[in-house]
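# Report on the structure
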Amino acid sequence: MSKFSFKQYAPFAILMIVAIFALFIPLLPNFDEGKYSGPDIAFILIAAALVFLMTPGLAFFYGGMVHRKNVLSTMIKSVVAAGVITVLWTVVGFSLAFGDTIGGFIGNPSTFLFFKGVNSGAPHLQGGADLTIPLSLFAVFQLMFAIITPGLVVGAVAERIRFTSYILFIVLFAIFVYSPLAHWTWHPQGFLLKMGVLDFAGGTVVHISAGMAALAGALVLKRRKSHLEHKEVPPANIPYVLIGTGLLWFGWFGFNAGSALSAGSLAVSAFLTTNTAAGAAGLSWMFFDVARGKKPSVLGFCIGAVVGLVAITPGAGFVSISSSVFIGAIAAVISNLVVSWKQKTSLDDTLDVFPCHGVGGIVGMLLTGVFATKTVNAAGADGLFYGNPAFFVTQLKGALIVIAFSFIVSFVIFKLVNLINPIRVSEEEEELGLDASQHDEKYSQGTLLVEERAIYIERNSAITEPIS
């Protein structure tokens with residue numbers, strides 16, 4: 001019989017305690033007196049499903065770029081957030097992000113504890129305008145954003161972070177980084193929103209926060225052995241990256257257009273700016289590589305397209321379609337240059353999360369301050385390009401606040417997790433690969449057919465025709 005280990009049983013015990021406690025939350029009926037919009041409900045249901053699709057898309061995107069021995073461990077770290085954050089969001093996360101405000105900085109954790117009253121709640125948030133969709137649908141749409149955000153951090157710490165430590169990190173990150181930022185930015189009483197900072201779909205809440213957490217994680221976990229030895233790590237499966245890019249691009253329509261929270265012209269505008277920025281950025285990254293003497297690559301276009309999606313996110317509903325071409329193109333060039341700079345340093349951000357999501361989010365926030373126009377959305381503000389430098393300064397202040405907060409708190413969280421449970425795998429486990437050392441599984445796609453062919457030919461040496 002194996003020796004009892006508290007660390008071994010703690011995750012399961014905590015989940016069971018939460019599950020049992022949930023049985024005692026009082027049930028309340030759905031609250032619907034015909035005040036909601038059927039078309040808006042249908043649209044946001046679809047948008048929420050699209051945003052969820054981005055999580056497995058991210059798993060393919062990241063999984064295709066790491067070493068073959070770390071594919072599964074990288075992919076599960078993105079997907080497992082769907083379980084961890086769903087439970088956490090139901091218990092307390094939604095309350096912290098959108099509960100009754102405490103000074104504009106955080107929501108009251110008891111407001112929607114265990115989703116108490118969400119189904120029967122009034123169709124608005126404290127101090128906000130009425131929603132045309134049920135509060136429960138708003139909550140699940142926001143959940144999808146909360147799920148993918150910690151998954152983005154995986155790319156920076158891939159190939160060396162212990163799985164159990166990562167689980168603890170995303171719990172603490174969701175509570176102490178993501179939820180406060182969502183409250184500051186999107187709650188009607190949030191202090192950044194009150195300042196006049198505009199973030200349509202998550203430039204600060206999702207991308208800057210994940211990018212700065214990625215930078216903190218890379219610094220805490222330090223360099224991989226392969227990085228120290230300057231060994232090139234071949235991507236395990238570039239078609240996976242292409243599939244992941246397609247799923248992310250597709251899901252991003254729900255991410256940005258859905259953030260209009262209604263099926264109207266604003267959603268259409270956000271959809272178009274999203275697609276335009278992604279296309280411009282993919283081409284910009286690829287052509288910029290060619291201009292610097294490289295060959296056009298699949299990875300280059302895919303990474304560039306994702307950077308464009310990141311950059312347009314904060315301004316998708318605030319800028320014109322024509323402006324989105326410039327935003328995508330310039331963001332790709334800036335991120336490309338930051339990646340080149342990073343490669344000359346000792347920073348081991350495995351999949352360039354900070355240059356792509358962190359820097360891309362910052363560029364997007366600042367360019368929203370430049371190109372936002374009331375012509376697109378009357379609730380917004382004109383930017384620097386339209387003669388309003390004050391709004392650009394506001395966006396700059398908001399970005400700096402989020403950068404500092406996300407990096408400092410995430411750095412502390414990584415350090416705390418390391419004290420509780422070693423955050424980095426051993427040198428032997430890293431050499432073996434995290435698929436085997438952390439999950440006792442092996443990625444065999446791409447080798448299985450070759451091995452079977454060799455066995456078949458050996459057993460049937462008389463066969464001369466190739467196997468179809």
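Residues numbered from 1 in each chain as written. Predicted model: local features only at pLDDT ≥ 70, side-chain atom pairs only at ≥ 80, totals over all residues. Heavy atoms only, no water.

As annotated in an unreviewed UniProt entry, the chain carries the name Ammonium transporter and comes from Pedobacter terrae.

### Things to note about the overall build of the chain
We apply this condition: Note on conventions: DSSP H or I runs of at least 4 residues are helices, E runs of at least 2 residues are strands, and numbering of each starts at the N terminus. We take the radius of gyration over the C-alpha atoms and set the globule estimate at 2.2 Å times the residue count to the 0.38 power. Exposure classes here rest on a 1.4 Å probe applied to the protein chains alone. A residue is buried below 20% of its type maximum, exposed above 50%, and partly exposed in between. Contacts between residues were defined by any pair of non-hydrogen atoms, one from each residue, lying within 4.5 Å. For accessible areas, the Shrake-Rupley method is used with a probe of radius 1.4 Å. Any residue's cover is judged against the shown protein chains and nothing else. Two residue types count as positive, namely Lys and Arg, and two as negative, namely Asp and Glu; His and chain ends fall outside the count. Taken as the charge centre is NZ of Lys, CZ of Arg, CG of Asp or CD of Glu, depending on the residue.
Of regular secondary structure, the chain possesses 18 helices and two strands. Whereas a compact globule of 468 residues would reach a radius of gyration of roughly 23 Å, the chain reaches 23 Å, a difference of no more than 12%. With the C-alpha coordinates aligned to their principal axes, the bounding extent of the chain is approximately 75 × 60 × 45 Å. Put simply, the chain has 468 residues, and 53% of those count as buried. Taking all contacts inside the chain whose residues are at least 6 apart in sequence as the whole, residues at least 24 apart take part in 78%. As presented, the chain carries roughly 20,500 Å² of accessible surface, and 68% of it is formed by carbon and sulfur atoms. Averaging the positions of the 27 positive and the 26 negative side-chain charges in the chain gives two centres separated by 7 Å.

### Digging into the environment of Gly-151
By secondary structure assignment, the location of Gly-151 is in helix α5 (residues 135-157). Here Gly-151 falls in the buried class, since its relative accessible area comes to 1%. As a C-alpha pair, Gly-151 and Ser-78 span 73 residues in sequence and 4.4 Å in three-dimensional space. Setting aside its immediate chain neighbours within four residues, Gly-151 contacts Leu-58, Tyr-62, Ser-78 and Tyr-166.

### Observations concerning the pattern of salt bridges
Between side chains of opposite charge, a pair can form when the charged atoms approach closely. Test applied: Salt bridges are counted wherever a side-chain nitrogen of Lys or Arg sits within 4 Å of a carboxyl oxygen of Asp or Glu.
A complete count under the given rule lists nine salt bridges for this structure. For Arg-424, the salt bridge identified is with Glu-430, shortest N-O distance 2.9 Å. Judged by relative accessible area, Arg-424 falls into the partly exposed class, the value being 22%. With relative accessibility at 11%, the residue Glu-430 sits in the buried group.

### Focus on the side chain of Ser-209
Test applied: Two N or O atoms form a polar contact when they lie within 3.5 Å of each other; inside protein one atom must be a possible hydrogen donor and the other a possible acceptor, and for residues adjacent in sequence the pair counts only when both atoms belong to side chains.
Looking at where Ser-209 falls in the secondary structure, it is placed in helix α8 (residues 203-221). Among the residues examined, Ser-209 registers a relative accessible area of 0% and is labelled buried. In this structure the side chain of Ser-209 is engaged in a polar contact, spanning 2.5 Å, whose partner is the backbone oxygen of Val-205. With sequence-adjacent residues up to four places away left out, Ser-209 is seen in contact with Thr-149, Phe-173, Val-177, Leu-181, Thr-204 and Ser-406.

### Concerning the layout of surface pockets
What counts is decided by this rule: Computed over the protein atoms alone on a 1 Å grid, cavities are sets of points where a 1.4 Å probe fits but cannot get out and pockets are open sets with protein on both sides within 12 Å along at least five of seven lines; a residue lines them when it has an atom within 4 Å of a point. Grid points are joined across faces, edges and corners, and a volume is the space filled by probe spheres set on the points.
What the largest pocket holds in volume is close to 1,100 Å³. Contributing to the lining of the largest pocket are 36 residues, with Val-233, Val-339, Gln-343, Thr-350 and Asp-352 lying nearest its centre. For the lining of the largest pocket, the secondary-structure elements that each account for two or more residues are α9 (225-228), α11 (265-291), α12 (298-312) and α13 (321-342).

### Description of the packing of aromatic side chains
Stated precisely, the cut-off is as follows: Here a Phe, Tyr or Trp ring, Trp counted by its six-membered ring, pairs with any other such ring whose centre lies within 6.5 Å, and the pair is stacked when the planes are under 30 degrees apart, edge-to-face when over 60, and tilted otherwise.
Per the counting criterion, the structure on display carries 27 aromatic pairs. Both rings, one in Phe-98 and one in Phe-138, keep their centres 5.0 Å apart while their planes meet at 80 degrees; by these two values the pair is edge-to-face. Remark: Phe-138 occurs in helix α5 and Phe-98 occurs in helix α4 (residues 81-98); sequence separation between them is 40 residues. By relative accessible area, Phe-98 is classed as buried at 2%. For Phe-138, a relative accessible area of 4% corresponds to the buried category. Ring pairs connect the aromatic residues Trp-89, Phe-94, Phe-98, Phe-112, Phe-115, Phe-138 and Tyr-178, which therefore count as one cluster.

### Points about the nonpolar core
Operational definition: Here, nonpolar core refers to any group of buried Ala, Val, Leu, Ile, Met, Phe, Trp, Tyr and Cys residues whose side-chain atoms link them within 4.5 Å.
Grouped together as the largest cluster of nonpolar side chains are 139 residues, with contacts concentrated most on Phe-61, Tyr-62, Phe-94, Phe-169, Tyr-178, Phe-255 and Phe-414. The biggest single contributor to this core is α5, with 16 residues.

### Quick look at the state of the cysteines
Rule in force here: When two cysteine sulfur atoms lie within 2.5 Å, the pair is treated as a disulfide.
Taken as a whole and judged by the stated rule, the model has zero disulfides. The thiol of Cys-302 is not disulfide-bonded; the next cysteine sulfur, from Cys-356, is found 12 Å away.

### Focus on the packing of α12 against helix α14 (residues 353-371)
The criterion, for reference: Orientation is described by axes fitted as lines to C-alpha atoms, over the contacting stretch for helices, and by angles from 0 to 180 degrees between their N-to-C directions. Note on terminology: angles under 35 degrees are roughly parallel, angles over 145 are roughly antiparallel, angles of 65 to 115 are roughly perpendicular, and the others are oblique. Handedness of a crossing follows from how the near helix is turned relative to the far one, being left-handed for an anticlockwise turn of less than a right angle and right-handed for a clockwise one. Charged residues are taken to be Asp, Glu, Lys and Arg, nonpolar residues to be Ala, Val, Leu, Ile, Met, Phe, Trp, Tyr, Cys and Pro, and polar residues to be all remaining types, Gly included.
Relative orientation of the contacting elements α12 and α14 amounts to 40 degrees, with a least axis distance of 8 Å. Accordingly, the angle class assigned to the pair α12 and α14 is oblique. By crossing handedness, the relation of α12 to α14 is classed as right-handed. Contacts from Ile-303, Val-306, Val-307, Val-310 and Ala-311 in α12 reach Cys-356, His-357, Gly-360, Gly-361 and Gly-364 in α14. A class-by-class count of the residues in the contact of α12 with α14 yields six nonpolar, four polar and no charged.

### Re unusual backbone geometry
Even without a glycine there, the phi angle at Phe-115 is positive, about 60 degrees. In this structure, Phe-115 sits in the loop between β2 (106-107) and α5. On the basis of relative accessible area, Phe-115 is assigned to the partly exposed category, the value being 25%. Positive phi, normally seen in glycine, also occurs at His-230, with a value near 55 degrees.

### Some thoughts on the confidence of the model for the chain
We count it as follows: pLDDT expresses how confident the predictor is about each individual residue, on a scale running from 0 to 100.
Taken residue by residue, the chain gives an average pLDDT of 91. The fraction at 70 or more is 92%. Between residues 447-454, whose pLDDT stays under 50, and residues either more than four places distant or in other chains, the model counts three contacts. Here residues 462-468 scores under 50 on pLDDT; set against residues more than four positions off or in separate chains, the count is four contacts.

### Points about helix α10 (residues 238-257)
Selection criterion: Working rule for helices: expected span equals 1.5 Å times residues minus one. Consider a residue and the seven residues that end there alongside the seven that start there; fitting an axis to each set, the bend is the angle between those axes.
Between the first and last C-alpha of α10 there are 29 Å, a value that for 20 residues agrees with the 28 Å anticipated at 1.5 Å per step. At Gly-251, α10 is deflected by roughly 25 degrees, the largest bend along its length.

### Observations regarding the packing of α4 against α5
Contact geometry of α4 with α5 gives a least axis separation of 9 Å together with a crossing angle of 125 degrees. Between α4 and α5, the crossing angle belongs to the class labelled oblique. Handedness of the crossing formed by α4 with α5: right-handed. Contact with α4, carried on its side by Ala-81, Ala-82, Ile-85, Thr-86, Trp-89, Phe-94 and Phe-98, involves Leu-135, Phe-138, Ala-139, Gln-142, Leu-143, Ala-146, Ile-147 and Pro-150 of α5 and no other residues of that element.

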